[in-house]
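Structural characterization, general
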Amino acid sequence: MALGQAVHDRRTALGVDHAALAERAGLTVADVERLEGGGTPPAFPPPPRPHGRP
């Protein structure tokens, strides 16, 4: 199963709409729709570096 389909299936099983998922995930509605539709996944910011590392 593709990631987009898994996200869609879980979102609908929980009764969550695109807007609510986008808000919870820190994404836009367009990002969620693109992800579920099999498009390019949204870019997430890189994780913070350990203290003292450049």
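Residues numbered from 1 in each chain as written. Predicted model: local features only at pLDDT ≥ 70, side-chain atom pairs only at ≥ 80, totals over all residues. Heavy atoms only, no water.

On to the side chain of E36. Tracing the sequence through the fold places E36 in helix α3 (residues 29-36). Under the relative-accessibility criterion, E36 is labelled buried at 15%. Among the polar contacts listed, one links the side chain of E36 to the side chain of H18, at a separation of 3.0 Å. If sequence neighbours within four positions are ignored, E36 has contacts with G4, V7, H8, R11, H18 and L21. (Helix = DSSP H or I, 4+ residues; strand = E, 2+ residues; numbered from the N terminus. Buried < 20%, exposed > 50% of the residue type's maximum accessible area, 1.4 Å probe, protein only. Polar contact = N/O pair within 3.5 Å; in protein donor to acceptor, adjacent residues only side chain to side chain. Contact = heavy atoms within 4.5 Å.)

By the element assignment, G4 lies in helix α1 (residues 3-13). Its relative accessible area of 8% is what places G4 among the buried residues. Between the alpha carbons of G4 and L35 there is a distance of 5.3 Å; along the sequence they are 31 residues apart. Ignoring any residue separated from it by four or fewer positions in sequence, one finds G4 in contact with L35 and E36.

With that settled, consider the confidence of the model for the chain. Residues at a pLDDT of 70 or more form 85% of the chain, whose mean pLDDT is 85. Confidence, expressed as mean pLDDT per element, reaches its minimum in the chain at α3 with 91 and its maximum at helix α2 (residues 18-25) with 94. (pLDDT = per-residue confidence, 0-100.)

What follows concerns the pattern of salt bridges. Applying the stated criterion across every chain yields a total of 2 salt bridges. The shortest N-O distance in the salt bridge between E36 and R11 comes to 2.6 Å. With E36 in helix α3 and R11 in helix α1, the pair connects residues that are 25 residues apart, well separated along the chain. One salt bridge connects R34 with D31, and the closest N-O pair in it is separated by 2.5 Å. With R34 and D31 both in helix α3 and 3 residues apart, the pair spans about one turn of that helix. Judged by its relative accessible area of 36%, R34 falls in the partly exposed class. (Salt bridge = Lys/Arg side-chain N within 4 Å of Asp/Glu carboxyl O.)

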